[in-house]
Amino acid sequence: MQRIINDPNRVVDDMLKGFVQAHADLVAPTDNPRVLRYVKAPVAGKVGIVTGGGSGHKPAFIGYIGRNMCDAVAVGEIFTSPAAQAFYDAFKAANGGAGVACLYGNYAGDNMNVKLARRMAEADGITVKTVVANDDVPSAPKEEREKRRGVAGEVLMWKVGGAKAALGGTLDEVIAAAQKAIDNTRSIGVGLTPCTIPAVGKPNFTIEAGKMEMGIGHHGEPGIQVMDLRPADEIAQMMLDIILPDLPFNSGDEVVVLISGLGATPVMELYILYNKVAQILAAQGIRIYRPYVGNYFTSLEMMGATVTVMKLDDELKPLIDLEAECMGLRQFGRG
Amino acid sequence: MDAVSVDRGKALLERLAQIIHANAAYLSELDGAVGDGDHGINMDKGFGKALERTAEGATLAVALRTLGNTLLTEIGGAMGPLYGSFFLEMAAACDNRAEVDTATFRAMLEAALAVVQDLGSAKVGDKTLLDTLVPAIEAYRAAHEAGASFAECLAQMRSAAERGKESTRDLVAKIGRASRLGERSRGHLDAGATSCFLILSTFAEFFSQHLQAS
């Protein structure tokens, strides 16, 4: 294992110490060492935006704390849901009196911990409503969409929910916008190498040299097919062939495309992938309104990428366009 | 009637923490076959922390409550809330008792099962810890109702827990991260069902060793 760490059991704590110092203009620590908040949170009268999840996905999740984005984030161990106490403390850190929107991904641990944390918050008189991201198409068939995992589409859900809250939306309006964002979003991942949790010390799944795993999950959950590694253009075609018919996306649609590396793939290669994605969408009459290409939601040092497509409408466009400032995303007004 | 004094909380927790620690790599390996491979590490961390926080002479209720609170508030994952609530309910069911007898332990098991069922949505056959827990409790209950001794009830529970754990090898996961594997989860023991067996068998072994006439 070739890693820049101290104690493999303390990587999350050590990382958090560095993060709060490096981004002191955006994030502040709280009494709970596993909860960070936006420096200006809670904002009185604004709906608080909370998310949380296991570590190892930088910039997710704490990288999306910031202006017009998330107000507080619960931090878990690597690839492990934060404890209920962390979600509860994050709700308190984000609550400005207008309620809290907890926008998180569909994993068994997160579902249970959020459920317990909501009960704790309700006992305190804090209203918490949730949107559970399930944009990962290969993780379950369409008729069982409620079983699908949340992956990189969560970034767009936070962008939309964060913007709606910043613009003064009520809790119900924020929840409705974030729900629409994720309902309109489809993602797929491809993995080229496995990844290693430092405390485990070795990969807990394998991808043979020269192979790729289509549909792989953010924690190495097996995908739908292991096949020979193909050129980028063919990979792009395969990925879009799976996600475009699922919504379906049609000619005339305007979309956001988000391509994220999984940690170890050079950003250069993400642009090679984007080039073909853009070409395929153009050929199908689908207009890319705004692209995001970079490492937005990673899986430790896995090689590979995710492709996410979100269908826009008149409500979502201005929310996607609103300025945002956080470690994972700096966006200025559409000029 | 036979029973176990409740003043052995720390010793029980030591035994549980030892078993989990000794099996941490194995549990992570089972989890890694179908999930993300963190089950053993996180359980070990939680049990170890709880043991550090438990004073000598702690009662069973105090030790189990410390364990439950530690798992619930600090460990996270799916197992933190499930086992955290499991041990908290067990603690509540033996609070203020001078000893744990056959009926008290049955109440502890039933309370633990109820909260696990409330929190998750799994059923027997879904390849989760319920595949161990449900038959284990049924066997204990049946033995209790047939008038068996505490030691016999514990032995029945342990055997059923082991069979339940083994049954997950041929099951297809329906809940949790492993469920995304579908058919490919078949052939692997479920990590949660395995840790549940380790916990129940430790209770059985510990209580059997410390039985006293009351």
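Novice: Mind showing me how you'd approach the overall build of chain B here?
Specialist: Helix and strand counts for chain B come out as nine helices and three strands. Helices and strands in chain B line up, N terminus first, as β-α-α-α-α-α-β-α-α-α-α-β. Computed over C-alpha atoms, the radius of gyration of chain B comes to 16 Å, within 12% of the 17 Å expected from 2.2 N^0.38 for 214 residues, which places it in the range of a compact globule. Each of the three principal axes of chain B carries a C-alpha extent, and together these read 50 × 40 × 30 Å. Here chain B holds 214 residues, and 60% of them are scored as buried.

Novice: Is there a simple way to explain the overall build of chain A in this structure?
Specialist: The helix and strand tally for chain A stands at eight helices and 15 strands. Taking the principal axes of the C-alpha coordinates as reference, chain A spans close to 55 × 50 × 40 Å. Counting all 335 residues of chain A, 59% fall into the buried class. Within chain A, counting contacts between residues at least 6 apart in sequence, those at least 24 apart form 72% of the total.

Novice: Before we go on, may I ask you to explain the nonpolar core in this structure?
Specialist: Of all hydrophobic cores here, the largest spans 185 residues; its most connected members are I65, V73, A90, A101 and A178 of chain A. A total of ten residues in this core trace back to one element, the largest contributor, which is helix α5 (residues 79-94) of chain B. Sequence-distant contacts of I65 of chain A, defined by excluding residues within four places in its chain, comprise L26, V27, L36, R37, Y38, C70, V73 and C326 of chain A.

Novice: Which parts of the structure should I look at to understand the interface of chain A and chain B?
Specialist: In many reports, interface size means the accessible area that the parts give up when they come together. Contacts between chain A and chain B engage 30 residues on the former and 26 residues on the latter. Counting residues per element, the ones that place at least two in the side of chain A that touches chain B are β5 (72-78), α2 (84-94) and α3 (108-123) of chain A. Here the element with the most residues in the side of chain A that touches chain B is α3 of chain A; it accounts for five residues. Split into classes, the residues belonging to the side of chain A that touches chain B amount to 15 nonpolar, eleven polar and four charged.

Novice: I would appreciate a short explanation of the confidence of the model for chain B in the present structure.
Specialist: Do not read the predicted coordinates in detail wherever pLDDT is low. On average, residues of chain B score 90 in pLDDT, and 91% of them reach the 70 mark or higher. With pTM at 0.89, the complex prediction returns an ipTM value of 0.78.

Novice: When you look at the sheet that holds strand β13 (residues 304-311) of chain A in this model, what are you seeing that I'm missing?
Specialist: Whether parallel or antiparallel, the strands of a sheet pair through hydrogen bonds between backbone atoms. Residues and elements named next belong to chain A. If you walk across this open sheet you meet the six strands as β10-β9-β8-β13-β11-β12, and the pairing is mixed. Edge positions in the sheet fall to β10 (225-228) and β12 (287-294), since each of these pairs with one other strand and no more. The sheet shows a mean angle of 20 degrees between the axes of neighbouring strands, direction not considered. Relative to β13, strand β8 (residues 185-191) runs antiparallel, the two being bridged by seven bridges. Considered in β13, the bridge of G189 is made with T306.

Novice: Help me understand the sheet that holds strand β3 (residues 48-55) of chain A, please; the structure alone is not making it clear to me.
Specialist: Residue and element names in this part refer to chain A. Pairing within the open sheet is mixed, and its six strands lie in the order β1-β2-β5-β3-β6-β7. The open sheet terminates on both sides in strands that have one partner only, identified here as β1 (27-29) and β7 (128-133). Looking at each pair of strands side by side, their axes are set apart by 25 degrees on average, direction ignored. Bridge count between β1 and strand β2 (residues 35-38): three bridges; the pairing is antiparallel. Looking at the pairing, P29 lines up with L36 of β2. On top of the sheet, helix α4 (residues 153-166) reaches β3, β6 (100-105) and β7; it is set at about 170 degrees to β6, its chief contact.

Novice: Would you explain α3 of chain A in this entry?
Specialist: Three- or four-residue spacings in an α-helix give side chains the same orientation, since the helix completes a turn every 3.6 residues. Residue and element names in this part refer to chain A. In this model α3 runs 23 Å from its N-terminal to its C-terminal C-alpha over 16 residues, within 8% of the 22 Å that 1.5 Å per residue would give. All of the buried residues along α3 are A108, G109, D110, N111, M112, N113, V114, L116, A117, R118 and A121. Immediately beyond the C-terminal end of α3, within one or two residues, lies G125, with a positive phi of roughly 80 degrees.

Novice: What's the story with unusual backbone geometry in this structure? I'm lost.
Specialist: In most cases, non-glycine residues show a negative phi, while peptide bonds are predominantly trans. All names here are of chain A. Cis geometry marks the peptide bond from A41 to P42; its omega dihedral reads -5 degrees. Relative to the helices and strands, P42 resides in the loop between β2 and β3. P248 follows L247 through a cis peptide bond whose omega is -10 degrees. Along the polypeptide, P248 turns up in the loop between α6 (232-243) and β11 (254-261).

Novice: Where do I start with the pairing of β3 of chain A in this structure?
Specialist: The side chains of a regular strand alternate between both faces of the sheet. All names here are of chain A. Most of β3 is tucked away, with eight of its eight residues classed as buried. Direction of pairing for β3 relative to β5: parallel, over a ladder of five bridges. Pairing of G52 across the sheet is with A74, part of β5.

Novice: Which parts of the structure should I look at to understand the environment of D241 of chain A?
Specialist: When you line up the elements, D241 of chain A lands in helix α6. Distance from D241 of chain A to K147 of chain A, taken between C-alpha atoms, is 21 Å for residues 94 residues apart in sequence.

Novice: How do you make sense of the packing of helix α1 (residues 9-22) of chain B against helix α4 (residues 60-75) of chain B when you look at a structure like this?
Specialist: When two helices pack together, their arrangement is captured by the angle between the axes and the distance separating the axes. All names here are of chain B. Across the interface, α1 lies against α4 with an axial gap of 7 Å and an inter-helix angle of 40 degrees. On the basis of their axis angle, the class for α1 and α4 is oblique. Touching G9, K10, L12 and L13 of α1 are L60, V62, A63 and L67, all from α4.

About the thresholds
Residues numbered from 1 in each chain as written. Chains lettered and ligands numbered in written order. Predicted model: local features only at pLDDT ≥ 70, side-chain atom pairs only at ≥ 80, totals over all residues. Helix = DSSP H or I, 4+ residues; strand = E, 2+ residues; numbered from the N terminus. Rg over C-alpha atoms; globule rule 2.2 N^0.38 Å. Buried ≥ 20, exposed ≤ 12 C-beta atoms within 10 Å, placed from the backbone. Contact = placed C-beta atoms within 7 Å. Core = buried A, V, L, I, M, F, W, Y, C linked by C-beta atoms within 7 Å. Nonpolar A, V, L, I, M, F, W, Y, C, P; charged D, E, K, R; others polar. pLDDT = per-residue confidence, 0-100. Pairing = 2+ DSSP bridges. Axes fitted to C-alpha atoms, helices over the stretch in contact; angles between N-to-C directions. Expected span 1.5 Å × (residues − 1). Parallel < 35°, antiparallel > 145°, perpendicular 65-115°, else oblique.

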